[in-house]
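Below, each chain spelled out in residue letters.
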Amino acid sequence: TPPAAADELILYMTGIPAQTMLNDEEPGMALEITRAAAKRANIKLDERFVPWARAVKTVEKSKNAIIIPFSRIPSRERRFVWIGQLYALKFGFVSLDTSVDDKAAARKLERIGVWRASSMQEELEKDGFQNIVPIANDRVLSHLLIGRRINAWYGSLTEAGYKFRHIKEINRAKIRFGKPVREQPVWLAGGLGLSRYIALKLTKAMQSLETDKLITPILSNYVFSLLN
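Everything quoted here is computed from the prediction, not taken from an experiment. (Residues numbered from 1 in each chain as written. Predicted model: local features only at pLDDT ≥ 70, side-chain atom pairs only at ≥ 80, totals over all residues. Heavy atoms only, no water.)

Caption draft 1: Inspection of the overall build of the chain at higher detail. Of the regular secondary structure elements, the chain holds nine helices and nine strands. Its C-alpha atoms give the chain a radius of gyration of 18 Å, within 12% of the compact-globule value 17 Å for 228 residues. Along the first, second and third principal axes, the C-alpha set of the chain runs to 65 × 35 × 25 Å. A burial count over the chain gives 49% of its 228 residues as buried. By sequence separation, contacts in the chain at least 24 residues apart represent 74% of the contacts at least 6 residues apart. When the accessible surface of the chain is totalled, it reaches about 11600 Å², and 52% of it is carbon and sulfur. Between the mean site of the 35 positive side-chain charges and the mean site of the 24 negative ones, the chain shows a separation of 3 Å. (Helix = DSSP H or I, 4+ residues; strand = E, 2+ residues; numbered from the N terminus. Rg over C-alpha atoms; globule rule 2.2 N^0.38 Å. Buried < 20%, exposed > 50% of the residue type's maximum accessible area, 1.4 Å probe, protein only. Contact = heavy atoms within 4.5 Å. Areas by Shrake-Rupley, 256 points an atom, 1.4 Å probe, with all protein chains shown as cover. Lys, Arg positive; Asp, Glu negative; His and termini not counted. Charge placed at Lys NZ, Arg CZ, Asp CG, Glu CD.)

Caption draft 2: Just the confidence of the model for the chain, in detail. This prediction gives the chain a mean pLDDT of 91; 93% of its residues lie at or above 70. Of all helices and strands in the chain, the one with the weakest mean pLDDT is helix 7 (residues 169-172) (60), whereas strand 2 (residues 43-49) scores best (98). (pLDDT = per-residue confidence, 0-100.)

Caption draft 3: Layout of the nonpolar core. Ile66, Ile83, Leu86 and Leu202 are the most contacted members of the largest nonpolar core, which has 62 residues in total. Ranked by residues supplied to this core, first place goes to strand 4 (residues 80-96) with nine residues. With residues up to four places along the chain from it excluded, the contact list for leucine 202 reads Leu9, Ala37, Ala38, Ala41, Ile43, Ile66, Ile83 and Leu188. If you look at the next biggest cluster of nonpolar residues, it comprises 14 residues, including Ala55, Val56, Phe80 and Trp82. (Core = buried A, V, L, I, M, F, W, Y, C linked by side-chain atoms within 4.5 Å.)

Caption draft 4: Just the packing of aromatic side chains, in detail. By the definition in use, this model includes seven aromatic pairs. Measuring from ring centre to ring centre gives 5.6 Å for phenylalanine 70 and tryptophan 82, while their planes differ by 20 degrees; the resulting arrangement is stacked. Residue phenylalanine 70 is found in strand 3 (residues 65-71), and its partner tryptophan 82 is found in strand 4; the two are separated by 12 residues along the sequence. These aromatic residues form a ring-pair network of at least three members: Trp52, Phe70, Phe80, Trp82 and Trp187. (Phe/Tyr/Trp six-rings, centres within 6.5 Å; stacked < 30°, edge-to-face > 60°.)

Structure, rendered in structure tokens:
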């Protein structure tokens, strides 16, 4: 008998260092895991890189779309289908010259950069931060930090470590990675209209990757020691 036709899903994401990248050699750990799971589940992916806020809004309303890497926060819990946990990320502050190790120190800064429409922005707003500057992408964030137009950047320390390993030595020596403020899992998720059958196929495929010990080797390619 011929093989069954593959189901198709649209995978929405934004270019995020170490996680989801337009790079054939290093596509990022979230994208590699999702591709491997989709292959096992016989699901064809239509990969689309779009601004983050648009990705979230589009997937929420779609019946055939998924998103990575997605934080499972209370405001999203009932708006999405949670397919499988990809890995956990440590979050903290990245600054120049002096490390920022907690939120108390961060509150005293003039400007803190954060991804627009992200769980990090929502977290800081909920904590009453008045000094955040929402930025559309990580490239602008890193330029603003190096140019001292923001005092710190709040986000994934893994992403920051990957991003800054390529910058010039003169700037790398100034970068400080603060102590992790919190750790949070990130997920593969879909909109509420996503077929439960499709979601379950992906969940089982992700579980089988874990059972076969194929997740850890992917992660180890992207997690670099921080530069302090």
